[in-house]
Amino acid sequence: MTVFILEKHDVDVPEQIATAIKTIEKSKPGLRVSDDIIFLDRENEEDAYNQLCSSLSKGVSSIIDLSWASWEMGSGLPIIRSTLDSQDLITAMNSYLESRNATDAAILVQSENDVDRTLYTLLGKSNVRVWVNSGLTRDSARSLSRMRPDPSFYIIAGDRNFVTRTYKRAVKEKLVRRDYRWNLVINDYEPFDPAVLVLPSVILQIDTNECCKLMGVSDCTCPTNTQRKQLILTNLLQYISETLIKLNVGLTKMTCNENNNDTIDQIVMFQNGGNESMFYWNDEDLNLRTPFILSTFKPNEGLQRAASWSSNEEYKTLPGFEFEPLRDFFRIGTYPAVPWTLPKLDPVTGDAMHTEDGQPMYEGYCVDLIEKIAEEMGFDYEIITPRTGDFGKRLPNGTWDGVVGDLMTGETDIAISALTMTAEREEVIDFVAPYFEQTGILIVIRKPIRKTSLFKFMTVLRTEVWLSIVAALLLTGLMIWLLEKYSPYSARNNPGAYPYPCREFTLKESFWFALTSFTPQGGGEAPKALSGRTLVAAYWLFVVLMLATFTANLAAFLTVERMQTPVSSLEQLARQSRINYTVVESSTVHQYFINMKFAEDTLYRVWKEITLNATSDQAQYRVWDYPIREQYGHILLAINASGPVPDAKTGFRQVNEHTEADFAFIHDSAEVKYEITRNCNLTEVGDIFAEQPYAIAVQQGSRLQEDLSRTLLDLQKERFLEQLASKYWNETARQTCPDADESEGITLESLGGVFIATLFGLGLAMITLAWEVFYYKRKENKVNVLEKPKKIAFSKVRKRRDQVTFGDTFKPVSHIKVNPKNDYIP
C-alpha cells in the first residue's frame, strides 16, 4: 500500500492519483499501486501525524509526500518527497533573480493555493523578498502600484492563458514601465505569443521535449491542453512502483517512533536510470528533470535564448550571452515651485503636458538637476508630487505631510525640490550637501513710471526764473540801444575815433546781441563806449552763471530721477505708510514674519521683567529705551491689512498693476529674481534676508546619501550648478528691456524738446526765407513799374551783330563810342 500525503487544499489531486493508477495498471498489467490518502492540515498537523501512524501499523510499501513543503512531523519515516506543480519553475526563476542581484519581487499566480505553494517554496530558500498575490484585479493593481519601495521585479506565473491575460491587465493598469522588470513564467506546453509584450521582458518556459519524454515518445508534437501535472504524477508513481519492485520492497509494518530510513536509502542508492532518467534524487526529494529555457524579448528584435538548464543543474547563461545591466529605480519627490519645478506646457496649445500613463511632465532647475544626477549615477526615476501638503509641515498628530512626509513614509526615495534645510526637518530626514545656497526672502516692487516730457529740460527752472531771464534779456537789449544812442563816446556819436567800419547797434541789433550772448559763439562785436561795455560785461557774467546753473541742475535733475526708488530696505518699508505690501498666505515667508513677531514679543516681555525687577546689584539692566528695534510687529500688521495673497502669481500681478510703485511683494528670493528677469516692470528692493540653503533630502540612514553627496561635489567641480543658475536666472534677458541699463545716459524723451526747438528754428528760418524772397520780388516789381524806359536815338548808326538789347532799355556795349556826328566808331 502507498500512502499519499497531500495538502488539504489539493482537492483535485486524489482524482488525478486515481487516474494515474488506472493508467499505470492499464499500461503495466503486472504493476499494482494501491493508495491511502492523508490530507495535511498545516494548522493541525498532529491529526495528520496520528493518521499516518495508524496507516503504518497496517503495513505500507512507500510514503509519498506531495505537499508543498517538508513536513517536520514526519522526520525519521521513509517518506519520498516530490512536487507536482510549478514549484520547480518558481525555483528556477528565483535562481535567475538572484543572479541579477534582486532584493525583492512581486509574484502574481493563478489561485490562492498557488500563493501558499509559492510561499512554501521560497520561504527559507530564497534571498529575495516576495509579495505574492493571486491574479491581478483593479484593487490588487492599485495596491501593487502603491507598494513602497517599488518591487525590483514582477513575475507572472501560470499557464499561457493566465500569463497573457494578466500581462495585458498590467499594461492597462500602467504597471509595465521599465525594461526587463517583468518576468513571465509559463508552466504548460502551450506556445506563448511574445507580440503582447510592450517592453523588453524575460520569459521562462519548459522545453517541450519534456512533454514527449513524459509521454514515452522520442519525437512528438505536444497535444493542446496537455495536463502536465497529470503526466508528472503518472510517471512519478510508475517510477516509484518499478523501483520498489526491483528492490523487492513489499509491505512493511513500522511505527512512528522508529528510524525507518533504510528503505529510502536503498531507493536513493539505486538511482534507477542514472542521469538519463526522468527523475533524480536530491537528498530525500524525488524531482523531475525539468528542462528550462530562459529567453529575453525586445520589441522589433524577437526572442533570444539566454539560458538553458535542467532542474538538477545550476543556472548559468549560455556562452557569449550577457544581460544588459539593470539600472536602479528611484521615486523622486518634488513640488511645483518657480523656477525649480514647473509644469511643462505644450508650445502650441499652452496646455500642461502629460506622459503616456497620464503623469504630469515637469521642467525647471530641479528637473534638470534630477536628469543630470540620474545620468551620473545611472538610475531610472519617476517624479512624484505629494498628494497632500507642499514641501512639508508637521501636523498636530506628529506626522508630516508634503515632500517630507512622503520621504518619511517611503513613498519616495529622494527629495529634490525647493526644500530648505531646517533643524525640525532634519529630525525626521537626512539632508545632503546644499545645491543652492543663495536663497532667502526678497522684496519686489514695480519700477516707478517716470513721467516723460519732450520739454522736461524746461522744468529744471521754475516759470518765474524763465520769465526773469527773458526780462533780463529784453532789458539788456534795450539798455544797449539807449547807451549806444546817447553816449558821446559810442561809435555812432564819435565816428572820428573809429576810422574803420563799426557795428551799428540799432534796437534790433541790440536785442540780437543780447540773445546770442547765451550761446558759446557769443554775441559778436561789443559796443565801443565804456558804459556799454560795462553793461555787456555784467550781462555776460549773468549769462555764464545762468548757463552753469541750468547745466548743473539739469544733470542733477535727470540723474536723481533715474536713481529714484521708493524704498531701499525692509526697515524703510516698515517705517513708511505709502507703500502697501503682502506675502503668500501660510507660506514660509508668512511664517517667518509670524515667528519674528513672536520673538519680538518674547524678548520685550523678558526685557521688561528684567528692567522692572532689577535690584541695586543689577543697575546695569535699568535702561530707559528698549534696546531692540521693533519692526516685525508693524510689518505683520501691514501684511494683514493688505491681505495675504493665495499664491505668488497673484502677488506679482498685483505689484505689476500698481503703476505708481505703491505696492510691494515679499517672497522667496529665487522666485523673485526669476520673475524680474522675465518682467521688465519689476525690480528688487534691498538685500536678501533670512537666507536658507536648498538641499537634496533622503530617508534617514539611506545608503544614497553618500552617493548623492559625491555626485553633487562632482557637479560643482564641473560648474554644472552655475550653468543651471545662469540658465534660469538669465540676466542677459534684462538687456532687452527698454531701460535695462540706467547708465546709458539721458533718454530722447527727456531732451526731445531741444530737437523740436531746433527743428522749429529751422522751419521758422525757411518760412522767413520764403517771406524774404517774396518781399524782395514784390519790391523789385514795384520799382520797375514806377520807372519809365528811355529811348535812345541813333542817326546813321550802322547795324552790327554785336548790338544787343535786353528788356525795355538799351545800353550800348562798353567798347562802342558815339561821336557827335552820330558816326559809328569801332
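Residues numbered from 1 in each chain as written. Predicted model: local features only at pLDDT ≥ 70, side-chain atom pairs only at ≥ 80, totals over all residues. Heavy atoms only, no water.

Peer 1: Give a detailed account of the overall build of the chain, specifying residues and quantitative values.
Peer 2: Looking only at helices and strands, the chain features 23 helices and 26 strands. Each of the 826 residues in the chain was classed as buried or not, and the buried ones make up 42%. Sequence separation of at least 24 residues holds for 69% of the intrachain contacts in the chain that already meet a minimum separation of 6. Accessible surface for the chain amounts to roughly 46,800 Å². Of this, 53% is attributable to carbon and sulfur atoms. (Helix = DSSP H or I, 4+ residues; strand = E, 2+ residues; numbered from the N terminus. Buried < 20%, exposed > 50% of the residue type's maximum accessible area, 1.4 Å probe, protein only. Contact = heavy atoms within 4.5 Å. Areas by Shrake-Rupley, 256 points an atom, 1.4 Å probe, with all protein chains shown as cover.)

Peer 1: Which residues make up the pattern of salt bridges, and what are the values?
Peer 2: Per the counting criterion, the structure on display carries 35 salt bridges. Here Lys 727 ties to Asp 368 by a salt bridge, and the two come within 2.9 Å at their closest N and O atoms. With a gap of 359 residues between them, Lys 727 in helix α22 (residues 720-728) and Asp 368 in helix α10 (residues 365-377) connect regions that are remote in the sequence. Where salt bridges share partners, they join Arg 148, Asp 150, Arg 177, Arg 331, Glu 382, Arg 387 and Glu 411 into one cluster. (Salt bridge = Lys/Arg side-chain N within 4 Å of Asp/Glu carboxyl O.)

Peer 1: Can you lay out the packing of aromatic side chains for me, pointing to particular residues and giving the numbers?
Peer 2: What the rule picks out here adds up to 35 aromatic pairs. Following the ring pairs from residue to residue traces out a cluster consisting of Trp 340, Tyr 365, Tyr 435, Phe 436, Tyr 694, Tyr 728 and Trp 729. Note that Arg 181 overlies the ring of Phe 153, its terminal NZ or CZ placed 5.5 Å from the centroid. Across the ring face of Phe 720, the terminal group of Lys 372 is positioned such that the distance to the ring centre comes to 5.4 Å. (Phe/Tyr/Trp six-rings, centres within 6.5 Å; stacked < 30°, edge-to-face > 60°. Lys NZ or Arg CZ within 6 Å of the ring centre and 35° of its normal.)

Peer 1: Tell me about the nonpolar core, residues and numbers included.
Peer 2: By size, the foremost hydrophobic cluster in this structure holds 58 residues, and its most contacted members are Ile 17, Leu 97, Leu 204, Leu 237 and Leu 294. Ignoring sequence-local partners within four residues, the contact set of Ile 17 consists of Phe 4, Leu 6, Ile 37, Leu 233 and Leu 237. The next biggest cluster of nonpolar side chains, apart from the first, holds 47 residues, and it includes Val 367, Ile 373, Phe 379 and Ile 696. (Core = buried A, V, L, I, M, F, W, Y, C linked by side-chain atoms within 4.5 Å.)

Peer 1: Could you give me a rundown of the packing of α10 against helix α21 (residues 704-717), with the residues and numbers involved?
Peer 2: Helix-helix packing is described using two parameters, namely the angle between the two axes and the distance between the axes. The N-to-C vectors of α10 and α21 enclose an angle of 110 degrees; their axes lie 10 Å apart at closest approach. Judged by the angle between their axes, α10 and α21 are roughly perpendicular. Touching Leu 369, Lys 372, Ile 373, Glu 376 and Met 377 of α10 are Asp 707, Leu 708, Thr 711 and Leu 715, all from α21. Its residues assigned to classes, the contact of α10 with α21 shows 5 nonpolar, 1 polar and 3 charged. (Axes fitted to C-alpha atoms, helices over the stretch in contact; angles between N-to-C directions. Parallel < 35°, antiparallel > 145°, perpendicular 65-115°, else oblique. Nonpolar A, V, L, I, M, F, W, Y, C, P; charged D, E, K, R; others polar.)

Peer 1: Please give an account of the pairing of strand β1 (residues 2-7) that cites residues and values.
Peer 2: With 6 of 6 residues buried, β1 is to be regarded as a mostly interior element. Here β1 shows two buried faces, one formed by Thr 2, Phe 4 and Leu 6 and the other by Val 3, Ile 5 and Glu 7. Taken together, the 4 bridges between β1 and strand β3 (residues 62-65) define a ladder with parallel strand orientation. In the sheet register, Ile 5 faces β3, and the bridge partner there is Asp 65. (Pairing = 2+ DSSP bridges.)

Peer 1: Describe the UniProt feature "binding site: L-glutamate" (unreviewed entry) in the chain, listing the residues and the values that go with them.
Peer 2: Following the UniProt record, the feature "binding site: L-glutamate" (unreviewed entry) maps to Thr 420, Arg 425 and Asp 668 here. Of the residues named above, Thr 420, Arg 425 and Asp 668 line the largest pocket. Classification of Arg 425 as buried rests on a relative accessible area of 9%. Those residues in contact with Arg 425 that sit more than four places away from it in its chain are Phe 391, Gly 392, Trp 400, Val 404, Leu 419, Thr 420 and Phe 431. (UniProt positions renumbered as here; feature names shortened; annotations may be inferred. 1 Å grid on protein atoms, 1.4 Å probe; cavity = no way out; pocket = protein on both sides within 12 Å on 5 of 7 lines; lining within 4 Å.)

Peer 1: Help me get a handle on the sheet that holds strand β6 (residues 129-134), residues and values and all.
Peer 2: Across the sheet, 7 strands lie side by side as β6-β5-β7-β8-β9-β12-β13; this open sheet has mixed pairing. Each end of this open sheet is capped by a strand with a single partner; those strands are β6 and β13 (302-310). Averaged over all adjacent pairs, the angle separating strand axes in this sheet is 20 degrees, with direction ignored. Relative to strand β7 (residues 153-158), helix α6 (residues 160-172) is tilted by about 145 degrees, and along the sheet it contacts β5 (104-109), β7, β8 (182-186) and β9 (201-206).

Peer 1: Tell me what's going on with the layout of surface pockets, and back it up with residues and numbers.
Peer 2: Considered as a void within the structure, the largest pocket measures approximately 1,600 Å³ in volume. As for the largest pocket, its lining consists of 48 residues, of which Phe 391, Ser 587, Thr 588, Val 589 and His 667 are closest to the centre. Secondary structure elements with two or more residues in the lining of the largest pocket: β15 (342-343), α12 (423-426), α17 (588-612), α19 (648-657), β22 (663-668) and α20 (669-678). Here the lining of the largest pocket gets 6 residues from one element, more than from any other, and that element is α17. Considering only residue class, the lining of the largest pocket consists of 21 nonpolar, 14 polar and 13 charged. (Points joined across faces, edges and corners; volume = space filled by probe spheres on them.)

Peer 1: Hey, could you go over a nonpolar patch on the surface for me, with residue numbers and the actual values?
Peer 2: Taken together, the side chains of Leu 759, Leu 762, Met 766, Leu 769 and Val 773 present a nonpolar region at the surface, about 490 Å² in accessible area. Mapped onto the fold, Leu 759 is located in helix α23 (residues 748-786). Looking at Leu 759, the relative accessible area reads 57%, which means it is exposed. (Patch = residues over 30% accessible without salt bridge, like charges linked within 9 Å, V, L, I, M, F, W, Y side chains within 5 Å.)

Peer 1: An account of the packing of helix α3 (residues 87-99) against helix α4 (residues 112-122) is requested, with residue identities and associated values reported.
Peer 2: The contact between α3 and α4 brings their axes to 10 Å, and the two run at 50 degrees. It follows from the interaxial angle that α3 and α4 lie oblique. Like other packed secondary-structure pairs, α3 and α4 cross with a definite hand, here right-handed. Residue-level contacts link Gln 87, Ile 90, Thr 91 and Asn 94 of α3 to Arg 117, Thr 118, Thr 121 and Leu 122 of α4. Per-class residue counts for the contact of α3 with α4 are 2 nonpolar, 5 polar and 1 charged. (Left-handed = near helix turned anticlockwise from the far one by under 90°.)

Peer 1: Any chance you could break down the side chain of Asp 413 for me, citing the residues and the numbers?
Peer 2: Relative to the helices and strands, Asp 413 is located in the loop between α11 (402-409) and β18 (414-415). We note that Asp 413 is buried and unpaired, the nearest opposite charge coming from Arg 331 at a distance of 5.8 Å. (Lys, Arg positive; Asp, Glu negative; His and termini not counted.)

Peer 1: Which residues make up the state of the cysteines, and what values go with them?
Peer 2: Enumeration over the complete set of coordinates arrives at 1 disulfide. With a sulfur-sulfur separation of 2.2 Å, Cys 211 is cross-linked through a disulfide to Cys 222. Across the S-S bond of Cys 211 and Cys 222 the torsion is about 75 degrees, and the bridge reads as right-handed. Residue Cys 211 is located in helix α7 (residues 209-215), and its partner Cys 222 is located in the loop between α7 and α8 (228-246); the two are separated by 11 residues in the primary sequence. The class of Cys 211 is buried, set by a relative accessible area of 0%. (Disulfide = S-S within 2.5 Å.)

Peer 1: Hey, could you go over α4 for me, with residue numbers and the actual values?
Peer 2: Within the sequence span of α4, burial applies to Asp 114, Val 115, Arg 117, Thr 118, Thr 121 and Leu 122. In the core, the buried residues of α4 are packed alongside α3, β5 and β6. Positive backbone phi, approximately 85 degrees, marks Gly 124, located one or two places after α4.

Peer 1: How would you explain the confidence of the model for the chain if you had to name every residue and give the values?
Peer 2: Confidence in the prediction of the chain, expressed as mean pLDDT, is 81, and 83% of residues score 70 or more. Mean pLDDT across the elements of the chain ranges from a minimum in strand β26 (residues 824-825), with 41, to a maximum in β8, with 95. Here residues 791-804 scores under 50 on pLDDT; set against residues more than four positions off or in separate chains, the count is 15 contacts. Within the model, pLDDT remains below 50 along residues 814-826, and this stretch shows 13 contacts once partners closer than five positions in the same chain are excluded. (pLDDT = per-residue confidence, 0-100.)

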